[in-house]
Amino acid sequence: MRLYVNLLEGRGGAVRNSYVKLQVGKQKSKTRILKNTENPVWNEEFVFRVHDLNDELVVSVYKCDDHDHGFFHVSAGDLAGRVRIPVWRVAEEEENLSLPPTWFAVEKAKNGKSVENDCGKLLLALSLHGRYQETLTESNNHLQLDDRIMSTHNGHASPPSHRKSNDGKHLMKALAGRLERLFHNKDEAPRDETSSELSTQSDNDQDCVMETSDDSSFEESIEQLQHSRNEKGEMPEDLQGGILLDQTYRVSPKDLNSVLFGPNSEFLRNLAEMQGTTDVQEEPWRWRSEGERSCLRRVVVYTKAATKLVKAVKATEEQTYVKVDRNEFAVRVRVSTPDVPYGNTFNVELLYKIMPGVMSSSERESARLVVSWAVTFSQTTMMKGMIESGARQGLKDNFEQFSTLLSQKFEVVKAVDTLDKDLVLATMETEHQGDLDLGIHYFWNFTVVSMIFMLLHVVVHIFLCKPSMLQGLEFEGLDLPDSFGELITSGILIIQLERVYYMVSHFVEARLRRGSDHGIKAQGDGWVLTVALIEGSNLASPNPTEVADPYVVFTCNGKTRTSSVKLQTLDPQWNEMLEFDAIEEPPSVLDVEVFNFEGPFDQSYSLGHAEINFLKHTAAELADIWVPLDGKLAQSSQSKLHLRIFLDNNNGVGTLRDYLATLEKEIGKKLSLRSPHRNSTFQKIFTLPPDEFLISDFSCSLKRKLPLQGRLFLSARIVGFYANLFGHKTRFFFLWEDIEDIQVLPPSLATVGSPTLVIILHKGRGLDSRHGAKILDEQGRLHFYFHSFASFNVASRTIMALWRTRTLDPDQKARIAEEQLHDVDDDDAKPFLLEDTTSYLVVEDVKMAKVYTVELPMNPKSLMEMFDGGEIEHKVMSKSGCLNYATTAWDQVAADVQERRVNYRLSRRISNFGGEVTSTQQKSPLPDDSGWVVNEIMTLHNVPLSDHFRVQFRYHIERSSFTHNSCRCDVYIGIMWLRNTMFESRITRNIIDKFTHRSEELLQLVEREALLTSK
């Protein structure tokens, strides 16, 4: 129950600077400090949770020290006096369990610290909220509280209230009841040790609020637990000991949860009989408070059957629900066996996760059960390895029987059914919403309905009215409004028509236009990644007054795929399938980012992002996954995307062999596929999916404070280290893409004459493996030191080759292959460009707008150095955010006209798409050699709608007529539209604003570099 305390005012306290502390049990609160008044008025309300009517409300008045003016008020001040009010005094008010505003005298403190003789009085109002029932039993004559949980709007459980006893003497009855219960339990302790233990454990738990004793109350408690937690927590990760069971059954998740954890479960009785477990005693599920949250917990005590090595021992399980969300359940079980050897030093933990199964060919509901385990040690022991090995074997045997019995009760869903890619994608198509339903949902709003009503009203009015006489300034063919009312009505009708026309155009565009990557089939042999984008939920809007136009960009292995733009919705329905072209090595990470479409260069409206690590999810999980989005807007709105991801190898073992053949050329060493047993062991050590294959492994030492001998494992996607020193296991892994640099340090005395291989990760990457790093530098990068390889040269070559293969993007790989081919043919290599764009001529009919003009203290020849491909140009473009900047030489294409091509990649600072740019530039001199005109046609790649337009620039550079040795530069920008789109005005505005600022930045950088060069 809850005790509401309203502290109104104080009077006659002779304390000018005072505040009040209130306490019920261990709960404390405090008022604000009121200064320069002896009659303070607080008018503050406090709420305390009460579990026992014998609790007291203690109200303490303190004098605030005038020197306590710090921000946190560290000093507690001097105690002036206290008021003690028993909670049962409030409960005596039968009518409404409320005590009206009453003056309570403040008693002088007995510790001698009171600062005043006259402590005054306080005006308090108190009330209890909740229901209670008090029953006096004949057997032990003590107070029993039948508590009931009530879910409140803030998500906390409120304890029940209590009815007044016949004589009202709560303190005496409670004291007598507790003494009698103490002696009663003491007398019965020898007769039933197990029952006494359960009773004692339950009585000592002060957070117990309710017991559930039947199936109906258990189901109600599960529902209440779900509603009482407003936050949508993620499913906890599997425990580090490993997976004991991962199976899908033909049963609903709720039913499976009831079978495994419901009271008096028949399945558990059959399992106990099969395993020889005896003396099973289940405590009812109880509500417990953990901080500000309530949880369901119960204790189960039983005797385990004897084995060949261990006698029959008593075990205690503490089961706690850690997640309940619709059809998802997670229960953590803590098992203690103090009677086994070293039993007081460890506990076994189990995590049961029940989740909805993947959709299969049958429409029946399915549930996936995942059970993981771990051993936690409360004390260090030399027998740690032996304990973990014994626990692993015992749990393995037990859960084999568990799985057998559960499969007899429920049908097991085969993996072939759950991972049917074609079936899932076909189901996705059937879920597509019709145009009629979308239209009704989109246009059923006040704007459209009011416009239709006004339009019908006007049309009917026109038919009913007679032709009016010409008056005022009207003439034949021109009928003007005859009053201000008609003028206002006409204006409102025009505004409504304009808004409806805008909505109709948005709807038509959304239904007719598809994303440029939707439906494009993957090409080539190898690993093919297919992403089915189903829907989004609770997407954020960057502007509270507008609804977002979301679209999604997927990035994997340097390639991007973009969905269509969904207009005016925060819960978009895409139902689109995006495929990535086949690659040799399996991908590691898929980057997902949701944007609000405002133009290709807008960086301010990212609606959320996420990173999906394929190594941390099974194929079944990826086949139907809700991905929560990160970011301020996304987290505040709890945004998430519904995806179905499939990663297939369409070339089988041939893909792996081709990949190893490529590595052999880099390493100079023969590589072969490892045995299935070795691959399986590698996957179990690091809990990897079955498609991860081991390439090589080396014995080495990990350098931290002390060297740790172990093995370094190299696969297609990860670098992993594993060591087992007297049962103390050290394991970690990170992705190849996480590596920023690899360095080799010379031999030293600390490494016993062995070179050291230093692997440096990117900032913020590999945080799960930070326990294996030697240092964390100032830039936030982890450094891993490995030495004492049996063959350092082979290990370093293998690691470097794998790193280069994983981190180079496909274009860089193609360039290296082309250069190698040219080296073989002894041909001269040409400058590298991503795309061989044809020569563009200046389009004369494109409307060019002057966006920037500047006077620079340099002659035109010096300014033209930004177009000569020299050092200044590369410095300027690099500093302005252009990556991999490359140019060709100027070629003569006509009289006084030279042409070249430029290629670079945009950094995220310029465009959040990180797209590529290919440009064709032409330059020609002005008459009398007074300057130059540079025309440029720019083509953007990997940005939305980039195939709809080209950007044209003109730089007009000539000598200044006002200042000696200076020049003037005018910058013009135009957009050439190749296709029509409703976003023309938005994209035009975005590009002009962005490149105006960029032109100013470039010219300032050229001026600065020129001045530095001259000095």
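Residues numbered from 1 in each chain as written. Predicted model: local features only at pLDDT ≥ 70, side-chain atom pairs only at ≥ 80, totals over all residues. Heavy atoms only, no water.

J.: Hey, could you go over helix α5 (residues 253–261) for me, with residue numbers and the actual values?
T.: Listed as buried for α5 are Pro 253, Leu 256, Asn 257, Val 259, Leu 260 and Phe 261. The arc that holds the buried residues of α5, viewed along the axis, is 165°, so those residues lie on one side. (Buried < 20%, exposed > 50% of the residue type's maximum accessible area, 1.4 Å probe, protein only. Helix = DSSP H or I, 4+ residues; strand = E, 2+ residues; numbered from the N terminus. Arc of directions from axis to C-beta.)

J.: I'd like to hear about the packing of helix α6 (residues 266–275) against helix α7 (residues 384–409), residue by residue, with values.
T.: With their axes 10 Å apart at the nearest point, α6 and α7 run at an angle of 135° to one another. The angle between α6 and α7 places the two elements in the oblique class. Our pair here, α6 against α7, has a crossing hand that is right-handed. Taken together, the residues of α7 that come into contact with α6 (itself represented by Phe 267, Asn 270, Leu 271, Met 274 and Gln 275) are Asn 398, Gln 401, Phe 402, Leu 405, Leu 406 and Lys 409. A class-by-class count of the residues in the contact of α6 with α7 yields six nonpolar, four polar and one charged. (Axes fitted to C-alpha atoms, helices over the stretch in contact; angles between N-to-C directions. Parallel < 35°, antiparallel > 145°, perpendicular 65-115°, else oblique. Left-handed = near helix turned anticlockwise from the far one by under 90°. Contact = heavy atoms within 4.5 Å. Nonpolar A, V, L, I, M, F, W, Y, C, P; charged D, E, K, R; others polar.)

J.: Tell me about the nonpolar core, and name the residues and values.
T.: Grouped together as the largest cluster of nonpolar side chains are 50 residues, with contacts concentrated most on Leu 863, Phe 867, Tyr 904, Met 938 and Leu 1003. Here this core gets seven residues from one element, more than from any other, and that element is helix α21 (residues 984–1014). When residues no more than four places from it in sequence are discounted, the contact partners of Phe 867 are Glu 873, Trp 890, Arg 900, Gln 921, Val 934, Tyr 955 and Ile 957. Residues Phe 267, Val 333, Val 371 and Phe 402 belong to the second largest nonpolar core, which totals 44 residues. (Core = buried A, V, L, I, M, F, W, Y, C linked by side-chain atoms within 4.5 Å.)

J.: Give me the sheet that holds strand β23 (residues 527–537): which residues, what numbers.
T.: Strand order in this open sheet of four strands is β26-β23-β30-β29, and the pairing throughout is antiparallel. Across the chains shown, the open sheet's two edge strands, defined by having one partner strand only, are β26 (573–583) and β29 (625–628). With strand direction ignored, the average angle separating the axes of adjacent strands in the sheet is 30°. For β23 and strand β30 (residues 640–649), the ladder comprises 10 bridges, and the chain directions are antiparallel. Across the sheet, residue Glu 535 finds its bridge partner in β30, namely His 642. (Pairing = 2+ DSSP bridges.)

J.: Which residues make up a negative patch on the surface, and what values go with them?
T.: On the surface, a cluster of negative charge is contributed by Glu 219, Glu 220, Asp 255 and Glu 365. Structurally, Glu 365 can be placed in the loop between β21 (346–356) and β22 (367–377). (Patch = residues over 30% accessible without salt bridge, like charges linked within 9 Å, V, L, I, M, F, W, Y side chains within 5 Å. Areas by Shrake-Rupley, 256 points an atom, 1.4 Å probe, with all protein chains shown as cover. Salt bridge = Lys/Arg side-chain N within 4 Å of Asp/Glu carboxyl O. Lys, Arg positive; Asp, Glu negative; His and termini not counted. Charge placed at Lys NZ, Arg CZ, Asp CG, Glu CD.)

J.: Can you break down a nonpolar patch on the surface residue by residue, with the values?
T.: A contiguous nonpolar patch, built from Leu 455, Val 459, Phe 463 and Leu 497 and spanning about 370 Å² of accessible area, is present on the exposed surface. In terms of residue count, the dominant contributor to the nonpolar patch is helix α11 (residues 446–464) (three residues). The residue Phe 463 is located in helix α11 in this model.

J.: Help me get a handle on the packing of aromatic side chains, residues and values and all.
T.: Enumeration according to the criterion identifies 26 aromatic pairs in this entry. Here the aromatic rings of Phe 346 and Phe 377 are separated by 6.3 Å at their centres, their planes lie at 50°, and the arrangement is tilted. Of this pair, Phe 346 sits in strand β21 while Phe 377 sits in strand β22; the two residues are 31 residues apart in sequence, bridging distant segments of the chain. Since its relative accessible area comes to 9%, Phe 346 is described here as buried. The class of Phe 377 is partly exposed, set by a relative accessible area of 24%. With a centroid separation of 6.1 Å and 85° between ring planes, the pair formed by Phe 686 and Phe 733 is classed as edge-to-face. A residue pair is termed long-range when its members are at least 10 positions apart, and Phe 686 in helix α16 (residues 676–686) and Phe 733 in strand β34 (residues 728–735) qualify at 47 residues. According to the relative accessible area criterion, Phe 686 is buried, its value standing at 5%. Each residue in the set Phe 218, Phe 261, Phe 267, Trp 285, Tyr 321, Tyr 352, Phe 399 and Phe 402 is aromatic and connected to the rest through ring pairs, giving one cluster. (Phe/Tyr/Trp six-rings, centres within 6.5 Å; stacked < 30°, edge-to-face > 60°.)

J.: Quick one: what's the story with the pairing of strand β3 (residues 27–30), residue by residue and with numbers?
T.: Taken together, the four bridges between strand β2 (residues 18–24) and β3 define a ladder with antiparallel strand orientation. Considered in β3, the bridge of Gln 23 is made with Lys 28. Where β2 folds back on β3, the antiparallel hairpin that results is connected by two residues, among which Gly 25 adopts a positive phi of roughly 65°.

J.: Account for the environment of Asp 896, naming residues and giving values.
T.: Along the polypeptide, Asp 896 turns up in the loop between β41 (891–894) and β42 (897–906). The spatial distance from the C-alpha of Asp 896 to the C-alpha of Lys 923 is 8.2 Å, given a sequence separation of 27 residues. If we ignore the near neighbours within four places in the chain, the residues touching Asp 896 are Lys 923, Ser 924 and Pro 925.

J.: Run through the environment of Arg 84, naming residues and quoting values.
T.: Mapped onto the fold, Arg 84 is located in strand β6 (residues 78–86). A residue is classified by how much of its surface remains accessible, and Arg 84, at 48% relative accessible area, is partly exposed. In this structure the C-alpha to C-alpha distance between Arg 84 and Glu 56, which are 28 residues apart in sequence, comes to 6.4 Å. Those residues in contact with Arg 84, other than ones at most four positions away along the chain, are Glu 56, Leu 57 and Val 58.

J.: With reference to specific residues and values, describe the side chain of Asp 549.
T.: Within the element layout of this structure, Asp 549 appears in the loop between β23 and β24 (550–556). Among the residues examined, Asp 549 registers a relative accessible area of 4% and is labelled buried. Setting aside anything within four residues of it in sequence, one finds Asp 549 in contact with Val 565, Lys 566, Leu 567, Gln 568, Phe 595, Asn 596, Phe 597 and Arg 986.

J.: Requested: an account of the sheet that holds β6, with residues and values cited.
T.: Spatially, five strands are ordered β3-β2-β5-β6-β8 in an open sheet, and the strand pairing comes out antiparallel. Of all strands in the sheet, those bounded by a partner on one side alone are β3 and β8 (107–108).

J.: Kindly report on the pairing of strand β38 (residues 782–787), identifying the contributing residues and their values.
T.: The element β38 is largely enclosed, with a buried count of six among its six residues. Two elements, strand β31 (residues 694–703) and β38, share three bridges in a ladder whose sense is antiparallel. By the bridge assignment for β38, Lys 703 is matched with Tyr 785. Relative to β38, strand β36 (residues 756–761) runs antiparallel, the two sharing five bridges. Bridged to Ile 760 within β38 is His 783. Alignment of strand β37 (residues 775–776) against β38, held across two bridges, turns out to be antiparallel.

J.: Before we move on, could you go through the state of the cysteines and cite the residues and values that matter?
T.: Per the counting criterion, the structure on display carries zero disulfides. In this structure Cys 967 is a free cysteine whose sulfur lies 7.0 Å from that of Cys 969, the closest cysteine sulfur available. Residue class for Cys 967 comes out buried when judged on its relative accessible area of 0%. (Disulfide = S-S within 2.5 Å.)

These figures come from the coordinates and say nothing about function on their own.
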